[in-house]
Amino acid sequence: MIDNMNFKIIVLAKQVPDTRNVGKNAMKADGTVNRSALPAIFNPEDLNALEQALRLKEAYPGSTVTLLTMGPGRAVEVLREGLFRGADNGYLLSDRAFAGADTLATSYALSMALRKIKDFDLIIGGRQAIDGDTAQVGPQVAEKLGISQITYAESIDKIENGKITVRRRLERGIETVVGKLPLVVTVNGTAAACRPRNAKFVQKYKYAITPSEQEKAAEELQPLYKNRPYLTLTELNVKDVDADINACGLSGSPTKVKAVQNIIFQAKENLKLDASNDAIEGLMKELIANHTIG
Amino acid sequence: MNNLFVYLEIEDGVVADVSLELLTKGRTLANTLGCHMEAIAAGSGLDKVGEQVLPYGVDVLHVFEDKRLFPYTSTPHTAIVVNLFKEEKPQIALMGATSLGRDLGPRVSSALGSGLTADCTSLEIGDHEDKRAKKNYTNLLYQIRPAFGGNIVATIVNPECRPQMATVREGVMKKEIADPNYPGKVVTHNVNDYVQETDFAIEVINRQMEKSEINIKDASIIIAGGYGVGSKENFQLLHNLADVLGGEVGASRAATDAGFTEDDRQIGQTGITVRPKLYIACGISGQIQHIAGMEESSIIISINTDENAPINAIADYVITGSIEEVLPKMITYYKKNTK
């Protein structure tokens, strides 16, 4: 076997609301989530995944890194962000029919897009997205493509003879595994952080957009898109990927949300103390006296 | 047929706590449904699994013994579960929301086209009406989980697809033996009927597992730190107090995400649920996702520079001050007053 040492790597990325910093203003007075108060960001673990892909690209010259994201039109921001950090191109999978998808319908749509893209050796994604924390899409994509998976990866050590070596971080230890390509790898947040934007790539790709965005773009930018094909990001819809519309979106989702409840905690009466010696000593004496401590 | 199944996580022949917790919950659910509970053990060195799990009310234990099945890898274990489920047609399947369960569960759900809800914090049986399709469903599994960073709790149902699958984290459910002499039976399967040679696609070449020395689940005193602790170094202040009081150190997700301390210490909806007699929250603002994992603590002390931190609303004592100032004082005055 000729050992082909450049690889076509696809990074699955998702644009998510930044749920990590849900402050007081993120909840409306009626107790519902104020989505507009949360910035849309590149899912953090997908950035860890991108970094692993970029490292492979450096280690094996000639390799390419392609981003695939599913979401509304604005999710193209994730593609641009990835290009700024060193990815080579990107696909936006976008269609109203995908709306309301649970993880199974999402992985179906992604797997159909991947079948369309076809040419890949390795698919890397974040372990999970912070807006759902399910960690399901990676393994489900792998299953739908009929390939294996390595989840909870902390680093991809090497690719040799068509086999990838990956170090996994589990709750109680580490594991090194070897698997034959193609496969899906999902990357933990404990993996190396993604490199920052590269000024050169920002210059190169700042006008990179999808054809539907181009239609709306200013007149004077149009020649740019004609002359620089790398500024056109590919858009895919349900038809483009030959997806069965009944398997997409809400109708393709076996899980249904029955009820949603906002959490309100009962406030207690409490004793307010300052950090003075007397206050802390008084508290410790009380806790000792009632056998909470000691 | 149509029973409730629990996939068992087994390390060195010992069944993981998370699986025993699922069996405890599973037994209750099976009683409500009037069905059997069955369990799956796949691995090697499984001869003592039966005596460990049958007392939890397992009616049938399915054993798949093969050296190649340990350590766990995705595809062969998926093949076992999927093929067994095709024969047995369970109505419910439960797994741990661990690195293993979260690797296996989605693959199984994809292969069977059935819905899976990750990280449930509560499981109940109930009815469901689909108003649009004008259909009524009885005895569905309510899969209750936090969503959107823990600010809401969603109840998920899988009306049509079976099994209804859910994962649950360790420490969320209680662990309780149903009957030490529970009359369950053990069925040993021929692994080659379920797994193909090509399923062994991933090879584990090195494995270093440690028994976790962190045990916050059972600690009666917890000193927990949040993002406000500020650094890994400052977490040492919490350890100092924990050592003196005989407690454990916990953390909010913001603190573990920031790398201040080990992930094993995370308390909250996406971490461990704790019920200690004393909980000292240090520099924890009190996001709902954290509070849900500790609100049942008997006494809660909040130490925060922000006197309006949301966590103060559920605290019994609120100390307004910095942890650098307060924690050393607590040590000093604890020592002084216990001689």
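Fair warning: this is a prediction, and the values are worked out from it, not measured in the lab.

Visitor: So, the overall build of chain B: which residues are in play, and what are the values?
Guide: Across its full length, chain B holds eight helices and 18 strands. For chain B, the C-alpha radius of gyration of 22 Å lies close to 20 Å, the compact-globule estimate for 339 residues. For chain B, the spread of C-alpha atoms along the three principal axes comes to 65 × 50 × 40 Å. Within chain B, buried positions represent 56% of all 339 residues. Within chain B, counting contacts between residues at least 6 apart in sequence, those at least 24 apart form 65% of the total.

Visitor: Talk me through the interface of chain A and chain B; I want residue IDs and the actual numbers.
Guide: Counting from both sides, the interface comprises 65 residues of chain A and, opposite them, 75 residues of chain B. Counting residues per element, the ones that place at least two in the side of chain A that touches chain B are α3 (103-117), α4 (137-145), β7 (148-160), β9 (173-180), β12 (256-262), β13 (271-274) and α8 (277-289) of chain A. The greatest single-element share of the side of chain A that touches chain B, amounting to eight residues, is contributed by β9 of chain A. Taken together, the residues that form the side of chain A that touches chain B break down as 28 nonpolar, 20 polar and 17 charged. Pairing analysis gives four bridges linking β13 of chain A to strand β18 (residues 317-320) of chain B, with the strands arranged parallel. Along β18 of chain B, the bridge assignment pairs Leu 271 of chain A with Tyr 317 of chain B.

Visitor: Talk me through the nonpolar core; I want residue IDs and the actual numbers.
Guide: Counting 75 residues, the largest nonpolar core has Val 11, Ala 109, Leu 110, Ala 113 and Val 185 of chain A as the members making the most contacts within it. A total of eight residues in this core trace back to one element, the largest contributor, which is α3 of chain A. The residues contacting Leu 110 of chain A, other than those within four sequence positions of it, are Leu 12, Leu 68, Met 70, Leu 93, Val 137 and Val 141 of chain A. Within the second largest apolar cluster, 60 residues are counted, among which are Val 15, Tyr 72, Leu 112 and Leu 141 of chain B.

Visitor: Go over the confidence of the model for chain B, please, and point to the residues and values.
Guide: Predicted coordinates in regions of low pLDDT should not be interpreted in detail. On average, residues of chain B score 93 in pLDDT, and 98% of them reach the 70 mark or higher. This prediction of the complex comes with two scores: 0.85 for pTM and 0.87 for ipTM.

Visitor: Now, about the packing of α4 of chain A against helix α4 (residues 101-112) of chain B: what can you tell me, with residues and values included?
Guide: Running from amino to carboxyl end, α4 of chain A crosses α4 of chain B at an angle of 45 degrees, the nearest separation of the two axes being 8 Å. Here α4 of chain A lies oblique to α4 of chain B, going by the angle between them. In terms of crossing hand, the pair formed by α4 of chain A and α4 of chain B is right-handed. Residues Pro 139, Gln 140, Ala 142, Glu 143 and Lys 144 of chain A of α4 of chain A form the contact with α4 of chain B, whose participating residues are Asp 103, Pro 106, Arg 107, Ser 109, Ser 110 and Ala 111 of chain B. For the contact of α4 of chain A with α4 of chain B, the class distribution of residues is four nonpolar, three polar and four charged.

Visitor: Which residues make up the packing of α8 of chain A against helix α8 (residues 323-337) of chain B, and what are the values?
Guide: Packing of α8 of chain A against α8 of chain B brings their axes to within 9 Å, and their N-to-C directions diverge by 50 degrees. By the angle between their axes, α8 of chain A is oblique relative to α8 of chain B. Considering only the axes of α8 of chain A and α8 of chain B, their crossing is right-handed. Of α8 of chain B, the residues touching α8 of chain A (which contributes Asn 277, Ile 280, Glu 281, Met 284, Lys 285 and Ile 288 of chain A) are Val 326, Lys 329, Met 330, Tyr 333, Tyr 334 and Asn 337 of chain B. Of the residues in the contact of α8 of chain A with α8 of chain B, the class split is seven nonpolar, two polar and three charged.

Visitor: I'd like a description of helix α2 (residues 76-85) of chain A, backed by residues and values.
Guide: Residue and element names in this part refer to chain A. Of all ten residues that make up α2, nine are buried, and the element is covered over most of its length. All buried positions along α2 are accounted for by Val 76, Val 78, Leu 79, Arg 80, Glu 81, Gly 82, Leu 83, Phe 84 and Arg 85. The positive-phi residue at the C-terminal boundary of α2 is Gly 86, with phi of around 130 degrees.

Visitor: Describe the domain arrangement of chain B, and please don't skip the residues or the numbers.
Guide: Residues and elements named next belong to chain B. According to the domain assignment, chain B consists of domain 1 (4-199) and domain 2 (221-337). Computed over C-alpha atoms only, the centres of domain 1 and domain 2 are separated by 34 Å. Counting residues at the interface gives nine residues for domain 1 and nine residues for domain 2. The class makeup of the residues in the side of domain 1 that touches domain 2 is two nonpolar, five polar and two charged.

Visitor: Account for the sheet that holds β9 of chain A, naming residues and giving values.
Guide: For sheets, the rule is that strands pair by backbone hydrogen bonds, running either parallel or antiparallel. Strand order in the open sheet formed by ten strands is β11(A)-β5(A)-β4(A)-β1(A)-β6(A)-β10(A)-β7(A)-β8(A)-β9(A)-β13(B), with mixed pairing between adjacent strands. Each edge of the open sheet is held by one strand with a lone partner, namely β11 (234-236) of chain A together with β13 (202-209) of chain B. Each strand axis lies, on average, 30 degrees off the axis of its neighbour in the sheet, ignoring direction. In this structure, β7 of chain A lies alongside strand β10 (residues 183-187) of chain A, joined through four bridges in parallel fashion. Paired with Gln 149 of chain A across the two strands is Val 184 of chain A, which belongs to β10 of chain A. Most of the contacts of α2 of chain A go to strand β5 (residues 89-93) of chain A, to which it runs at about 170 degrees, and overall it touches β1 (8-13), β4 (64-70) and β5 of chain A.

Visitor: Break down the pairing of strand β14 (residues 221-225) of chain B for me, citing the residues and quoting the values.
Guide: All names here are of chain B. The buried count for β14 comes to five of five residues, which makes it a mostly enclosed element. Here β14 shows no split at all, with Ile 221, Ile 223 and Gly 225 on one side and Ile 222 and Ala 224 on the other all buried. Sheet topology note: the β14/strand β16 (residues 278-282) ladder contains five bridges and is parallel. The residue bridging Gly 225 from the neighbouring strand is Cys 282, located in β16. Note that β14 and strand β15 (residues 248-251) share four bridges and pair parallel. Residue pairing for β15: Gly 225 is matched across the bridge by Ala 251. Regarding the hand of the β-α-β motif, the stretch spanning β14, helix α5 (residues 232-245) and β15 is right-handed.

Visitor: Explain the sheet that holds strand β7 (residues 116-120) of chain B to me, using residue names and the numbers behind them.
Guide: All names here are of chain B. Here we have seven strands laid out as an open sheet, ordered β7-β11-β6-β1-β4-β5-β12, and parallel in their pairing. Single-partner strands in this sheet number two, and they are β7 and β12 (185-188). Going from strand to strand, the sheet's axes swing by 20 degrees on average, the running direction of each strand aside. As defined by bridge partners, β7 adjoins strand β11 (residues 164-168) across three bridges and the pair is classed as parallel. Opposite Cys 120, over in β11, you have Val 168 as the bridge partner. Running over the sheet, helix α3 (residues 74-88) touches β1 (4-7), β4 (37-43), β5 (60-65) and β6 (92-96) and is turned about 150 degrees from β4. Helix-sheet contacts for α4 involve β1, β6, β7 and β11, and the interaxial angle to β11 is about 170 degrees.

Visitor: Please give an account of the environment of Gly 225 of chain B that cites residues and values.
Guide: By the element assignment, Gly 225 of chain B lies in strand β14. Ignoring anything within four residues of it in the chain, the contact list for Gly 225 of chain B reads Phe 235, Leu 238, Ala 251, Ala 255, Phe 260, Thr 261, Cys 282 and Gly 283 of chain B.

Analysis parameters
- Here, residues in each chain are numbered from 1, in the same order as that chain's written sequence.
- Key to labels: chains lettered from A, ligands numbered from 1, both in the order written.
- Two thresholds apply to this predicted model, a pLDDT of at least 70 for residue-level local features and 80 or more for giving and counting side-chain atom pairs, whereas whole-chain, interface and lining totals are computed over all residues.
- Helix numbering and strand numbering both begin at the N terminus, where a helix is a DSSP run of H or I of at least 4 residues and a strand a DSSP run of E of at least 2.
- Atoms considered for the radius of gyration are the C-alpha atoms alone. The globule rule reads 2.2 Å times the number of residues to the power 0.38.
- The exposure scheme places C-beta atoms from the backbone and then counts, for each residue, the other C-beta atoms within 10 Å of its own, assigning buried at 20 or more, exposed at 12 or fewer, and partly exposed in between.
- Whether two residues are in contact is decided by their C-beta atoms, placed from the backbone, lying within 7 Å.
- When residues are grouped by polarity, Ala, Val, Leu, Ile, Met, Phe, Trp, Tyr, Cys and Pro land in nonpolar, Asp, Glu, Lys and Arg in charged, and all others, Gly among them, in polar.
- Think of it this way: DSSP has to see at least two bridges between two strands before they count as a pair.
- Connectivity within a nonpolar core runs through C-beta atoms within 7 Å, and the core itself is a set of buried Ala, Val, Leu, Ile, Met, Phe, Trp, Tyr and Cys residues.
- For every residue, the predictor reports its confidence as pLDDT, a number between 0 and 100.
- For every element, the axis is a line fit to its C-alpha atoms; helices are fit only across the contacting stretch, and the angle between N-to-C directions ranges from 0 to 180 degrees.
- What sets the label is the angle itself: under 35 degrees gives roughly parallel, over 145 gives roughly antiparallel, 65 to 115 gives roughly perpendicular, and the rest give oblique.
- For a crossing to be left-handed, the near helix must be turned anticlockwise from the far one by less than a right angle; the clockwise case is right-handed.
- Segmentation into domains, and thus their bounds, comes from an automatic or database assignment.
- Crossover handedness is defined here as right-handed if the route from the first strand over the helix to the second strand goes clockwise, with the strands pointing away from the viewer.

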